Amino acid sequence: VQLVESGGGLVQPGGSLTLSCEASGSIFSINGMGWYRQAPGKERELVAMVTSGGSTNYGDFVKGRFTISRVNAMNTVYLQMHSLKPEDTAVYYCNTRGFDTDRKVYDAWGQGTQVTVSS
């Protein structure tokens, strides 16, 4: 299973960015798709996750600023980020979990996309 991320970059405080991630490969089913982030010197943390049924889970720091959405037919997940703060600066990683065509569990990660919030 491969993940291709896009949408990172440099944005000013208070600005917005949208990240996207498309999964491909030997996918039988996808349970969860979402985003984690890791800032320098910090542990990786959950940003947002969405299940195949549409249930969502957000990190406490999101506080209504981010919205995750998923297009099941395209194996794609989006993360709309608004009111960005300098502390949101991190490498954002796409993650997906499910079963491959051999009916084995997979847990796949993208290569990461840098988000920098700075004036």
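The structure we're discussing is the one just above.
Residues numbered from 1 in each chain as written. Predicted model: local features only at pLDDT ≥ 70, side-chain atom pairs only at ≥ 80, totals over all residues. Heavy atoms only, no water.

## Focus: the overall build of the protein chain
Note the following rule: Here a strand is any run of E in DSSP of at least two residues, a helix any run of H or I of at least four, and the numbering for each starts at the N terminus. Between buried and exposed lies partly exposed: a residue is buried under 20% and exposed over 50% of the maximum accessible area for its type, with that area taken using a 1.4 Å probe on protein chains only. Contacts are assigned to residue pairs with any non-hydrogen atoms lying within 4.5 Å of each other. Shrake-Rupley sampling with a 1.4 Å probe provides the accessible areas, and residues are treated as covered by the protein chains on show and by no other component. Only four residue types enter the charge count: Lys and Arg as positive, Asp and Glu as negative, with His and the chain ends excluded. To locate a charge, take NZ of a lysine, CZ of an arginine, CG of an aspartate or CD of a glutamate.
A count of helical and extended segments in the protein chain gives zero helices and eleven strands. Taken from the N to the C terminus, the helices and strands of the protein chain come in the order β-β-β-β-β-β-β-β-β-β-β. Counting over 119 residues, the protein chain shows a buried share of 41%. Long-range pairs, those at least 24 residues apart, make up 54% of the contacts in the protein chain between residues at least 6 apart in sequence. Entry remark: accessible area of the protein chain is about 6,200 Å², with carbon and sulfur atoms responsible for 48%. Averaged over its 10 positive side-chain charges, the protein chain has a centre that lies 3 Å from the centre of its 10 negative ones.

## Brief notes about the state of the cysteines
For clarity, the cut-off: The criterion for a disulfide is a pair of cysteine sulfur atoms lying within 2.5 Å.
Overall, the coordinates contain one disulfide when judged by the stated rule. In this model, C21 is linked to C94 through a disulfide, with the two sulfur atoms separated by 2.0 Å. Disulfide C21-C94: the torsion about the S-S bond is -90 degrees, which places it as left-handed. Highlighted residues: C21 in strand β3 (residues 17-24) and C94 in strand β9 (residues 90-100), separated in sequence by 73 residues. Residue classification places C94 among the buried residues on the basis of a relative accessible area of 0%.

## Remarks on the side chain of T113
The test is simple: Between N or O atoms, a polar contact is any pair within 3.5 Å; within protein, one atom must be a potential hydrogen donor and the other a potential acceptor, and residues adjacent in sequence are included only when both atoms are from side chains.
In this fold, T113 is placed in strand β11 (residues 113-117). A polar contact is formed between the side chain of T113 and the backbone nitrogen of G8, at a distance of 3.4 Å. In contact with T113, other than residues within four places in its own chain, are E5, G8, L19, W35, A90, V91 and Y92.

## A look at the sheet that holds strand β8 (residues 76-81)
How we decide: Each pair of strands is called paired provided DSSP finds at least two bridges between the two strands. All axes are obtained by fitting lines to C-alpha atoms, using only the stretch in contact for helices, and the reported angles, taken between N-to-C directions, cover 0 to 180 degrees.
As summarised here, the arrangement of the four strands in space is β1-β3-β8-β7, forming an open sheet in which the pairing is antiparallel. The strands lining the two open edges of the sheet, one partner per strand, are β1 (2-6) and β7 (66-71). Strand-to-strand twist of the sheet, defined as the mean angle between neighbouring strand axes without regard to direction, takes the value 15 degrees. Note: β1 against β3, five bridges, orientation antiparallel. In the strand pairing of β3, S6 is matched with S20.

## Some points on the packing of aromatic side chains
Stated formally: Aromatic contacts are taken between Phe, Tyr and Trp rings whose centres are within 6.5 Å, Trp giving its six-membered ring; a plane angle under 30 degrees counts as stacked, one over 60 as edge-to-face, and the others as tilted. Lysine NZ or arginine CZ positioned within 6 Å of the ring centre and within 35 degrees of the ring normal marks a charge as sitting over the ring.
On inspection of all chains with the given rule, the structure shows one aromatic pair. Lying over the aromatic face of F61, R37 brings its terminal NZ or CZ to 3.7 Å of the ring centre. A cation over an aromatic ring shows up here: R44 above the ring of W109, its NZ or CZ 4.7 Å from the ring centre.

## Some points on the pattern of salt bridges
Opposite charge on two side chains makes pairing possible when the charged atoms of those side chains draw close. What counts here: A side-chain nitrogen of Lys or Arg and a carboxyl oxygen of Asp or Glu constitute a salt bridge if their distance falls within 4 Å.
In this structure the tally under the stated criterion is four salt bridges. With its nearest N and O atoms 2.8 Å apart, the salt bridge here joins R37 to E45. Taking relative accessible area as the criterion, R37 reaches 7% and is therefore assigned buried. In this structure, the salt-bridge partner of R37 is D88, at a minimum N-O distance of 2.9 Å. Taken together, the residues span a long stretch of sequence, with R37 in strand β4 (residues 27-38) and D88 in the loop between β8 and β9 at a distance of 51 residues. The class for D88 is buried, based on a relative accessible area of 1%. Here the salt bridges do not stand alone but share partners, grouping R37, E45, R65 and D88 into one network.

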